[in-house]
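Here are the chains, one letter per residue:
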Amino acid sequence: MGQALPKPGLRPFLPADVPMLAAIFVASIEELTGDDYSEAQQEAWVAAAEDEEEFGKKLAGQLTLIATIQNAPVGFVSLKGADHIDMLFVHPSVAGQGIASMLVDALEKLAGARGAKSLTVDASDTAEPFFKKRGYTAKQRNTVTLNGEWLANTTMQKTLADRSAPGVPT
Ligand SMILES: CC(C)(COP(=O)(O)OP(=O)(O)OC[C@H]1O[C@@H](n2cnc3c(N)ncnc32)[C@H](O)[C@@H]1OP(=O)(O)O)[C@@H](O)C(=O)NCCC(=O)NCCS
């Protein structure tokens, strides 16, 4: 692991973030998922950010949180509807340093505070160990078609702590 990072920050998505987030999405797929997906699959996945306007619309329509280091975005997570984690991407230059953990911690708290009892995610094979470590359990194996390629993922679910239960700190 590299040097300790300056303390990361967390903030909501702004429309001006879209080009940076598209770049993080692409770099993260290209550099972090090669053990789990073929080059053709990675290309098909990356193409989802080619139309930046559509990509930005998707992020703006969800609850999107941005992790920053020295004010520059380095990762993001988005919640679709009340209880589904849609996107989670961390720039490879800061991978393995707790950025995704910080993002998902915050999202779980926000979703729980809004009444979600559990969260689901269609985890990539790359992200599956990350979610497993956080207490998500595999429910179903899926194969999805994306720009002519088939990609496997796993639907995982975690029950959130009941924040109204006695003894649970709020
Ligand atoms: C999955 C991903 C978001 C993890 O981001 P990250 O910032 O590196 O994760 P963290 O540093 O917070 O990791 C937290 C823990 O999970 C573990 N972990 C993270 N990625 C892992 C992997 N691919 N394999 C095994 N363990 C992993 C870490 O070792 C760490 O364990 P520790 O707490 O014992 O040290 C990142 O690898 C990524 O962007 N991947 C490519 C895109 C992708 O697949 N996105 C998910 C779509 S659902």
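Structural data are supplied above this passage.
These lines cover the structure that appears in this document, whether it is placed above or below. Note that the structure is a prediction, hence the values are computed from the model and not measured.

1. Overview of unusual backbone geometry
Within the chain, Asn71 stands out as a residue other than glycine whose phi angle is a positive 70 degrees. Structurally, Asn71 is set in the loop between strand E2 (63-69) and strand E3 (72-80). Relative accessible area serves as the criterion here: at 69%, Asn71 is assigned to the exposed category. We note that Asn147 has phi near 45 degrees; this positive angle belongs to a residue other than glycine. Summarising the element assignment, Asn147 is placed in the loop between strand E6 (137-146) and strand E7 (149-159).

2. Section: the nonpolar core
Judged by nonpolar contacts, the single largest core of 26 residues is most densely connected at Val77, Ile85, Ile99, Phe131 and Tyr136. Elements with a contribution of two residues or more to this core: E2, E3, strand E4 (84-90), helix H4 (99-113) and strand E5 (118-124). Considering each element in turn, this core owes the most residues, seven residues, to H4. Judged by nonpolar contacts, the second largest core, of 18 residues, contains Val18, Ala22, Phe25 and Phe55.

3. Focus on the pairing of E3
For E3, the tally of buried residues reaches seven of nine residues, placing the bulk of the element in the interior. Joining the antiparallel neighbours E2 and E3 is a turn of two residues, in which Gln70 adopts a positive phi near 45 degrees. As paired strands, E3 and E4 are joined by six bridges and run antiparallel to one another. The residue bridging Leu79 from the neighbouring strand is Ile85, located in E4. Between E3 and E4, which follow one another and run antiparallel, lie three residues, and Gly81 among them has a positive phi close to 65 degrees.

Basis of the calculations
Residues numbered from 1 in each chain as written. Predicted model: local features only at pLDDT ≥ 70, side-chain atom pairs only at ≥ 80, totals over all residues. Heavy atoms only, no water. Helix = DSSP H or I, 4+ residues; strand = E, 2+ residues; numbered from the N terminus. Buried < 20%, exposed > 50% of the residue type's maximum accessible area, 1.4 Å probe, protein only. Core = buried A, V, L, I, M, F, W, Y, C linked by side-chain atoms within 4.5 Å. Pairing = 2+ DSSP bridges.

Spatial relationships are all this shows, so hold off on functional conclusions.
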